[in-house]
Amino acid sequence: MQKGASMTVTIADILEAEGRIRPHVRRTPVMAVDPADFGLSFGGRLSLKFECFQHTGSFKPRGAFNTLISDPANRPAVAVSGGNHGAAVAYAAAKLGREATIFVPEFAPKRKVDKIRSYGLDLQITGMEIADTMAAYRAYLAETGALDIHPYDAPGTVAGQGTVGLEWREQVREQGGDMDAVLVAIGGGGLISGVGVAMQGGPAVIGVEPKGAACAFEARKAGEPVQATPTSYAKDSLGAPALGPLTFELIEAHVEDLVTVEDDAIRAAQAALWRVCGVAAEPGGATALAALLSGAVTPEPGAHIGVLVCGANFDPATLSG
């Protein structure tokens, strides 16, 4: 978090972020699909927002651009990431002519590492676990005083990611109506925190996590953020070791329910997205849909459900179905 930044995010912050980043990010599509195409029979409507079509293949450039543009000193930036956040910061910094150093763990997928490297900025691959990578990043930050672009627990990041929610709801209204509930995957909680703030007074926000990377679910049970070692298939994008104080507070305030899904359900959701929509979603990108397809979330009859497909950095050759 930037020094002096307020540890809260409001709808006004998200509206300001929208104004800053609009020239730099895509307005990603929302598609109304027949639930029956996915084998669902709740008698309602299903809308998918494909934020996986954002620059770099995930929602992350929104928070990266918001934080970089908000820094009047134009400092070199530093970020730590399982892949997607690093690619977003590298992309945004390159587009804005800024310097950046990106730390990623050794288990980061080659596809994501290659994407970060393609932007020509400083890439540091270190740590067998994300906690080790975080330690290296914190040491670098303390030594250099660089601009910290936190992957989730910072107001600038959350406000930028919250623009997904503003855009999504506006698009669904343009299509004639509103949603009753939206399903959003959780890693460290920056995305769902921003979406939760943006959706106030509207659809219920439901968070979805892999059982092997459920830091929000465990934090809600404990009443505070708790440390965990992610083991899920989706840990490269949803493997935060813990919520931060900001995302914990915002999730408690704005996320109605939290559910978990098995890795096999995530794989099935990836295959379904490929089969029905031709979209190669990464594990984290398919996790929200997995809750619906597996029955972890059971909609009310006639409900309009929105699902965020938030990442696409995955090799379609490995998908089946």
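Keep in mind that what you see is a predicted model, and the values were worked out from it rather than measured. (Residues numbered from 1 in each chain as written. Predicted model: local features only at pLDDT ≥ 70, side-chain atom pairs only at ≥ 80, totals over all residues. Heavy atoms only, no water.)

## Some remarks on the overall build of the protein
- Helix and strand counts for the protein stand at 12 helices and 10 strands.
- Counting only C-alpha atoms and orienting by the principal axes, one finds that the protein spans roughly 55 × 40 × 40 Å.
- In the protein, which comprises 321 residues, the proportion classed as buried is 58%.
- Contacts in the protein between residues far apart in sequence, at least 24 positions, make up 73% of those at least 6 positions apart.
- As presented, the protein carries roughly 12,100 Å² of accessible surface, and 50% of it is formed by carbon and sulfur atoms. (Helix = DSSP H or I, 4+ residues; strand = E, 2+ residues; numbered from the N terminus. Buried < 20%, exposed > 50% of the residue type's maximum accessible area, 1.4 Å probe, protein only. Contact = heavy atoms within 4.5 Å. Areas by Shrake-Rupley, 256 points an atom, 1.4 Å probe, with all protein chains shown as cover.)

## Remarks on the environment of Leu-191
- Examined against the element boundaries, Leu-191 turns out to sit in helix H7 (residues 190-198).
- For Leu-191, a relative accessible area of 5% gives the class buried.
- Each C-alpha atom of the pair Leu-191 and Val-279 lies 21 Å from the other, and the pair is 88 residues apart in sequence.
- Excluding anything up to four places from it in sequence, Leu-191 contacts Phe-59, Gln-161, Val-164, Val-184, Ala-185, Leu-308 and Cys-310.

## Details of the sheet that holds strand S5 (residues 122-125)
- Ordered in space as S5-S4-S3-S6, the 4 strands form an open sheet in which the pairing is parallel. Both edges of this open sheet fall to S5 and strand S6 (147-148), since each of them pairs with a single strand only.
- When strand S3 (residues 77-80) meets strand S4 (residues 100-104), the two strands line up parallel, connected through 4 bridges. In the strand pairing of S4, Val-78 is matched with Thr-101.
- Contacts between helix H4 (residues 110-118) and the sheet are confined to S4 and S5, with S5 contributing the most and set at about 150 degrees to the helix. (Pairing = 2+ DSSP bridges. Axes fitted to C-alpha atoms, helices over the stretch in contact; angles between N-to-C directions.)

## Comments concerning the pairing of S5
- Across 4 bridges, the pairing between S4 and S5 is parallel. Within S5, the residue paired with Thr-101 across the bridge is Asp-122.
- Since S4 and S5 lie parallel, the crossover through H4 that links them has a hand, and here it is right-handed. (Right-handed = clockwise from strand over helix to strand, strands pointing away.)

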